[in-house]
Amino acid sequence: MAVDTSTTPKRSVEALAGLGPLLRAALWGLAGFAVGALVTAVLQGERQFTELALVVGYVTGLAGWQLGIGGWETVVRPLYGGSSEWDEGTGRWRYFRFNTDHKVIGLQYLVTAGVTFGLAGLLAMVMRTELATAELDLLPTAEAYNNLMSIHGTLMLFAVSVVAIVGGFGNYFVPLMIGAEDMAFPRLNATSYWLIPPGVLAIIASPLVGGFQGGWTSYQPLGADNAAGQLLFYLGVYTLGLASLLTAINVIATTVFMRAPGLTWGRLPIFVWTMLLTSVLNLVWVPEIGVAMVMGIMERVAGTTFFAADGGLPLLWQDLFWMFGHPEVYIIMLTAWGLWLEILAVMGRKTLFGYRWVVGGFLAITLMSSIVWAHHMFATSADARLIPFMSTTELISIPTGLVYLSAIGTLWLSRVRLTTPMLLVLFSMLTFLLGGVSGVFLADAPADFYETDTYFVVAHFHYVIVGGMIFAWLAGLYYWFPKYTGKMFNEAFGKVAAWLLFIGFNATFFPMHFLGLDGMNRRIATYLDYMEPVNIAISILAAFLGLALILHLINLVYSWATGPPAGPNPWGGKTLEWETSSPPPRENFEIEPLVLADFYSYGDAAPEPGMVPIPGVRPRPLEPEPQRTSLEAAGIGAGSAPGNPGPQRHHPDDEAGDHT
Amino acid sequence: MTEQPGRPNARRHLLVAGLSWVVLTVAGVIGVRVWAADSFPFLAAEQGAVADDAILFLFYLVIPVFMFVLVAVVYAMIRFRARPDDLTDSAVQVRTHRGYTMTWLGTTTALAVLVIIHPGVTGLMEIWDARDEPDPLVVEVTAQQWEWSFTYPEQGVENQPELVLPVDQPVRFVITSEDVIHSFWIPAFRLKQDAVPGATTELHITPDRIGDIGTSEMLRVQCAELCGIGHADMAAEVSIVTAAEFDEWVTEVGGGQ
Amino acid sequence: MTVSTRPADDSSPETAEHLQLGEQRERRTRLFGLALFIVAETMIFVPVFAIRFLLAGTARPADLDDGFALVLTAVMVASFAAMHIARRAARRDRWPAAAAGLWAAAVLGLVTAVGSGIGWADPALDAASDFGGTFYLATGAHALHLVAGAAFVAGLAVQARRGRLAGGRTLLDVAYWFWAFLLVVWLAIEVIFYLM
Ligand code: HEA
Ligand code: HEA
Ligand code: CUA
Ligand SMILES: [Cu+2]
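Parameters at a glance
- Residues numbered from 1 in each chain as written.
- Chains lettered and ligands numbered in written order.
- Predicted model: local features only at pLDDT ≥ 70, side-chain atom pairs only at ≥ 80, totals over all residues.
- Heavy atoms only, no water.
- Helix = DSSP H or I, 4+ residues; strand = E, 2+ residues; numbered from the N terminus.
- Rg over C-alpha atoms; globule rule 2.2 N^0.38 Å.
- Buried < 20%, exposed > 50% of the residue type's maximum accessible area, 1.4 Å probe, protein only.
- Contact = heavy atoms within 4.5 Å.
- Areas by Shrake-Rupley, 256 points an atom, 1.4 Å probe, with all protein chains shown as cover.
- Lys, Arg positive; Asp, Glu negative; His and termini not counted.
- Charge placed at Lys NZ, Arg CZ, Asp CG, Glu CD.
- Near = heavy atom within 4 Å.
- Polar contact = N/O pair within 3.5 Å; in protein donor to acceptor, adjacent residues only side chain to side chain.
- Pairing = 2+ DSSP bridges.
- Axes fitted to C-alpha atoms, helices over the stretch in contact; angles between N-to-C directions.
- Donors = N, O, S within 2.8 Å, 3.2 Å for Na, K, Ca; no water.
- Expected span 1.5 Å × (residues − 1).
- Buried area = accessible area lost by both parts, 1.4 Å probe.
- Salt bridge = Lys/Arg side-chain N within 4 Å of Asp/Glu carboxyl O.
- Nonpolar A, V, L, I, M, F, W, Y, C, P; charged D, E, K, R; others polar.
- Parallel < 35°, antiparallel > 145°, perpendicular 65-115°, else oblique.
- Left-handed = near helix turned anticlockwise from the far one by under 90°.
- Bend = angle between axes of the 7 residues up to and from the residue.

**Side note on the overall build of chain A**
Along chain A, the regular secondary structure elements total 22 helices and one strand. Taken over C-alpha atoms, the radius of gyration comes to 25 Å for chain A, in line with the 26 Å a tight globule of 660 residues would show. For chain A, the C-alpha atoms occupy an extent of roughly 75 × 65 × 45 Å along the three principal directions. Counting the 660 residues in chain A, one finds 69% classified as buried. A fraction of 80% describes how many contacts in chain A between residues 6 or more apart in sequence connect residues 24 or more apart. In the form shown here, chain A has an accessible surface area of approximately 19700 Å², with 71% of it arising from carbon and sulfur atoms. With 31 positive and 47 negative side-chain charges, chain A shows a separation of 10 Å between the mean positions of the two kinds.

Structure, rendered in structure tokens:
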């Protein structure tokens, strides 16, 4: 099924050929689902569609999808001694198939996360419209609202915030920043990306089987009572978690073994540090939440009573969920902090302040994040837990503060080049600060008894996640835009949109603190009349927030199509990704870089950090890569330098690789 | 902004920013006091004051921290601006700074420890003190999808859909659920307690203001844990009445000693 | 593959030494990847075992068929022994023996999985009980690992039959250590669910 795209027939034929693997994946996925579900139903002797059939069908369907997209040729067939020949595609079609280039995978993640973000954001707009009035008027039932709200939260947390930066920038930039030519396990990498679309689809498709009403936390035993859509929540989250886990293995192995010569741990770029520690958290806690999801499935299809009121422990679910759930919030935020510091040093042309302190802070956060989970259960849990978990939670503010120590130390007396990414980082610092501070209010148990499960919490986590992580993601999208597209974006447009975003965001979410204190609990479609005025205001302002995001999207897309060439290093950055062409060639660097100093030193005495050729190995190229042609520039086919080898074929020698 | 920030100006920058920080902190504290004076929602329980006080105290602690970062960022944004294409390095290059780092660490650690002790542990102690109140009125709260019922075992009053409490009388709520997890919350009392199936939890409250939903919408029972379709509507009426009125109500609904 | 993505028309000649370095690095990377994978796997089974004690304490149904479990343990140990033989044979380039060992390991592994499935029918077990639920969870997870692992080992057996393994012996080592891990987990299950 290797498609030959070297000839150039009519566009439609080319499109069909380019989309071949994707179509095949969809077909095999559906077939897998049908076969799995049917066989199960028959074995069970049931005439109707059972929940077990849904689960088995999903699993076989997922297998079919993975094989169809290219897993058959790249993993399974070579494992059994067959050929490992696989066409990785060229141009834009590379993005629609199993491709092992970490840069392709990075962009696949970024675009997928962006689309999912848009979708979940639109759901939020529907929710806000419903919430504008006290009664139920837009949606037919409270159940519909609960379903929307649950899908919004689940997608945002499991498919956007832990995927956008970690999967997108992590894949694209970790190898570049450490001077490697790819990730350690490229096929594993492609496999993990292709788990994302089915995971997202499962969650989106849940309303087809009744949806799930429990929110993104899906507390038990409600989860066992819900419609069958609950199963798709478990399966979807499991699938997305699996993708994170495989990525984590890859990132850690890459960082440990693939660093360029001279790139000691003390010189490791801050963003890579945060990726590494995020991956450690993923590695340890994702399997644990996977167990919880499997238990949730068994509760429905195998008749177990883990979480039932009689015979089980309803609160066990909450412990299992938050043991992962809290580390997850730092999985979301660590890399965002990494981005802040990268951008602050480059845009301020000032030495990064307190590198060791902040890395130590990240380490402390990583360790401590595993011992605070019960602060989500203050109103539930036994008294004996309150003081210990309150204490650890308040103490985690100290290492978090070290991020600000470094950020402010770098910013102060620097030369602030107020570009769009810099502006977004500064905004992110301010909004995350407010969210962090409201976290301190929540961590205080007496105050939390009041605030928990109200809009105060909703305000808190939108401040930290949207204000912290989404802003930083946008900053990264701009900061690295020249690198991954080879183009420059429109600065003026970007800055206006950034201001609009900042204002719209605060206007939307700040009042929610007071709504919460005034007695508005979360996860409701209807409320008492006295809360209506504030809610109307929030709903209207939320539209501005949405508009601001759409403006950013327009800026990015339009600049990608028409922006002027950016050159390899428009910001004067010192990390290695700026030492190669924009976008980088398939193998990233012409020569293996040699690192001579750290990347964050500025000033007259600062040594040049990178890219000195290893003596006697290969000469350093004098010319930058040729610019992309306009035709490629117009599409998403960034990175396909004219001189690059076309379809990358796996050599039969390196078969049956990185999977177990 | 052509000024080259360098050593000579460093002191002035610190001074101006420091002054702005002081001014903004004072303004913030005053602002919170003004807000708290009349905007804290209707409160009707002794123990609820613990939560309000904690919030107020936390405000005083975090405002200086918040303003510090705010000033640093906004000041840098305005005063240290350089042209985007200007690649000159900053004249000041510091890798670490003992004084600044140690002050930072010391202050944040002190703040975090203080927060644990003061509104934290002390607040919990105060809330737990209510358990030792003598002769509490016992109210059994049962949550089920999607309604509340209240039983007063000592008064022989069973399964009431509304909650009636005598003012200034310590109450011991014994809370459980028939099906999924709910959360027992009277906003005017502040404190929540989850209702967990198969277990009982307790909440000790002394209501200290007479009123009902007509007095303030905060005086209502509201389920605060997502429990399915009817979650939003899972509310019940609350009346806080005088002791005499309470006895009257008890006989009215068929109770008696 | 980290090496092979270098452009073929590389102007500087890759010395044999370079290539060897690359291979060594690749081998270390893969084994390290395996170690990470096993850390993750451990975080599956540790919570499962913890939940067993949390829900059911140390109690277990008195009439649970532990004789059958001992048989399964023996099969699992035999499967690992076969894996061990295969690895030794491959080291000495005795490929037919290696292939036979791998086949035996895969089949015996499958037998263990199917066997623990048959054990599920034990009347002493009840999914709705505290013990039964975690029992199914733990043994089910283990059996699924065996099935997936057997598919992988069978692939290696097919390759070994042809006298060579992709990526040298690294993948065989990966399979070996993975099998050792599954053996340890099985022994833990034996102790925690049958013997304690
Ligand atoms: C990016 C994600 C993210 C991050 C980083 C955080 C960070 C923090 N969170 Fe948050 N949180 C969430 C996402 C996040 N949270 C989500 C999604 C929920 C809701 C889940 C749900 O129920 O649906 C939640 C809920 C939540 C709760 C439970 C509320 C409830 O349901 O009752 C609590 C309680 O303790 C809490 C506390 C904190 C604290 C103390 C921090 C701290 O890490 C913050 C530390 C930062 C600062 C304090 C600011 C900077 C520091 C300084 C300038 C130093 C000096 C400061 C001091 C010493 C005070 N969070
Ligand atoms: C990443 C996390 C994230 C993000 C970004 C958002 C974004 C938004 N959220 Fe959400 N939210 C959650 C995570 C998030 N939320 C979670 C976890 C919950 C809890 C669920 C639960 O209780 O279980 C929640 C719950 C929640 C509630 C409470 C529901 C309830 O309790 O009943 C509300 C109510 O107003 C709300 C509103 C919004 C709004 C208006 C936005 C807006 O910011 C959205 C604006 C976005 C758009 C309008 C889309 C436009 C974008 C594009 C077109 C694409 C652009 C792409 C690029 C730039 C690449 N959210
Ligand atoms: Cu009961 Cu919500
Ligand atoms: Cu948390």
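**Considerations on the overall build of chain C**
The secondary structure content of chain C amounts to five helices and zero strands. Along chain C, helices and strands appear, N-terminal first, in the series α-α-α-α-α. Across the 196 residues that make up chain C, the buried fraction comes to 54%. Long-range contacts, defined as pairs at least 24 residues apart, comprise 79% of the intrachain contacts of chain C with a sequence gap of at least 6. About 8600 Å² of surface is accessible on chain C, with carbon and sulfur atoms providing 67% of the total.

**Some thoughts on the site of ligand 2**
Residues and elements named next belong to chain A. In the vicinity of ligand 2 there are 33 residues, among which R128, Y145, H152, H462 and R523 approach most closely. R128 is positioned with one of its side-chain polar atoms (N or O) 2.7 Å from an oxygen atom of ligand 2. In this structure, an oxygen atom belonging to ligand 2 sits 3.1 Å away from a side-chain N or O atom of R522. Broken down by secondary-structure element, the contributors of at least two residues to the shell around ligand 2 are helix 4 (102-131), helix 5 (142-161), helix 18 (455-479), helix 20 (491-517) and helix 21 (532-562).

**Considerations on the sheet that holds strand 11 (residues 235-241) of chain B**
Residues and elements named next belong to chain B. What the five strands build is an open sheet, ordered 5-11-10-7-8; its pairing is mixed. Two strands close off the open sheet at either side, each with one partner strand: strand 5 (163-166) and strand 8 (192-195). Between one strand axis and the next, the sheet turns by 25° as a mean value, whatever way the strands run. Sheet topology places strand 7 (residues 182-185) next to strand 10 (residues 220-223); two bridges connect them, and they run antiparallel. Among the inter-strand pairings, F184 is bridged to a residue of strand 10, identified as C223. Packing of helix 4 (residues 243-252) onto the sheet brings it into contact with strand 5 and strand 11, and relative to strand 5 it is tilted by some 140°.

**Quick word on the coordination of the iron atom of ligand 2**
Reference geometry at the metal: tetrahedral coordination by four donors gives ideal angles of 109.5 degrees; octahedral coordination by six donors gives 90 or 180 degrees. Residues and elements named next belong to chain A. Those donors, H152 (NE2) and H462 (NE2), are the protein atoms that reach the iron atom of ligand 2, and they lie 2.0 to 2.1 Å from it. According to the relative accessible area criterion, H152 is buried, its value standing at 11%. Residue classification places H462 among the buried residues on the basis of a relative accessible area of 14%.

**Quick notes on the coordination of the copper ion (ligand 4)**
Within the protein, H326 of chain A (ND1), H375 of chain A (NE2) and H376 of chain A (NE2) serve as the donor atoms for the copper ion (ligand 4), at 1.8 to 2.1 Å. Each donor residue of the copper ion (ligand 4) lies on the same chain, and together they follow the pattern H-x48-H-H.

**Some thoughts on the side chain of T112 of chain A**
Residues and elements named next belong to chain A. Relative to the helices and strands, T112 resides in helix 4. Given the relative accessible area of 16%, T112 is considered buried. Polar side-chain contacts of T112 include one of 2.5 Å to the backbone oxygen of Q108. Setting aside its immediate chain neighbours within four residues, T112 contacts Y193 and I196.

**Digging into helix 5 (residues 170-195) of chain C**
The terminal C-alpha atoms of helix 5 of chain C, which comprises 26 residues, lie 36 Å apart, in line with the 38 Å expected from a rise of 1.5 Å per residue. For helix 5 of chain C, the buried fraction is high: 20 of the 26 residues fall into the buried class.

**Some points on the pairing of strand 2 (residues 137-144) of chain B**
Of all the eight residues making up strand 2 of chain B, six are buried; the element is thus mostly covered by neighbouring parts of the structure. Connecting strand 2 of chain B to the next strand, strand 3 (residues 147-152) of chain B, in antiparallel fashion are two residues.

**Structural notes on the sheet that holds strand 3 of chain B**
Residues and elements named next belong to chain B. Strands sit in the order 4-3-2-6-9 across an open sheet of five strands; the sheet is mixed. Either end of the sheet is taken by a strand with one partner, and the two such strands are strand 4 (157-160) and strand 9 (201-205). Sheet twist, expressed as the average angle between the axes of neighbouring strands with direction ignored, equals 20°. As paired strands, strand 2 and strand 6 (residues 171-177) are joined by seven bridges and run parallel to one another.

**Quick notes on unusual backbone geometry**
All names here are of chain A. Following Q220, the chain continues into P221 via a peptide bond in cis, with omega recorded as 0°. Mapping P221 onto the fold places it in the loop between helix 8 (196-205) and helix 9 (222-225). The omega torsion of the bond from S582 to P583 falls at -15°, within 30 degrees of zero and hence cis. Relative to the helices and strands, P583 is located in the loop between helix 21 and helix 22 (630-634).

**Examining the interface of chain A and chain B**
Every contact between the two is made by 89 residues of chain A and, on the other side, 90 residues of chain B. With both sides pooled, the region where chain A packs onto chain B buries about 7600 Å², and carbon together with sulfur makes up 71% of that total. Taken as a group, W412, L413 and R415 of chain A account for 11% of the area that chain A buries against chain B, more than any other trio of residues on that side. Joining chain A to chain B, the criterion identifies five salt bridges. Two residues, D383 of chain A and R131 of chain B, come together in a salt bridge whose shortest N-O distance is 2.7 Å. At the junction of chain A with chain B, the criterion picks out 32 residue pairs in polar contact (both at pLDDT 80 or more). Top contributing element to the side of chain A that touches chain B by residue count: helix 16 (residues 420-443) of chain A, with 10 residues. Residues belonging to the side of chain A that touches chain B are distributed by class as follows: 51 nonpolar, 23 polar and 15 charged. Relative to strand 1 (residues 81-82) of chain B, strand 1 (residues 416-417) of chain A runs parallel, the two being bridged by two bridges.

**Some details on the packing of helix 4 of chain A against helix 6 (residues 164-177) of chain A**
All names here are of chain A. Relative to each other, helix 4 and helix 6 sit at 160°, their axes nearing to 8 Å. Judged by the inter-axis angle, helix 4 sits roughly antiparallel to helix 6. With respect to the hand of their crossing, helix 4 and helix 6 are arranged in left-handed fashion. Where helix 4 approaches helix 6, its residues H102, K103, I105, G106, L107, Y109, L110 and A113 are matched on the opposing element by A164, G167, G168, F169, N171, Y172, P175 and L176. Considering only residue class, the contact of helix 4 with helix 6 consists of 10 nonpolar, five polar and one charged.

**Digging into the site of ligand 1**
Around ligand 1 there are 32 residues in total, and Y330, D448, T452, H460 and R522 of chain A lie nearest to it. Nearby residues place ligand 1 at the junction of chains A and B. W216 of chain A places a polar side-chain atom, nitrogen or oxygen, 2.8 Å from an oxygen atom of ligand 1. Elements with a contribution of two residues or more to the shell around ligand 1: helix 12 (314-348), helix 15 (397-411), helix 16 and helix 18 of chain A together with helix 3 (98-129) of chain B. By residue number, the principal contributor to the shell around ligand 1 is helix 16 of chain A, which donates seven residues. Residue composition of the shell around ligand 1, by class: 19 nonpolar, 11 polar and two charged.

**So, helix 6 of chain A**
Along helix 6 of chain A, the sharpest change in direction is near 50° and occurs at G170 of chain A. With respect to burial, helix 6 of chain A is a largely interior element, 14 of its 14 residues being buried.

**Overview of the environment of P47 of chain C**
Turning to its location among the elements, P47 of chain C is positioned in helix 1 (residues 16-56). Accessibility expressed as a relative area gives 10% for P47 of chain C, which makes it buried. Once the C-alpha coordinates of P47 of chain C and A138 of chain C are considered, the two residues, 91 residues apart in sequence, prove to be 9.9 Å apart. Apart from residues no more than four positions distant in its own chain, P47 of chain C is found in contact with E288 of chain A together with T42 of chain C.

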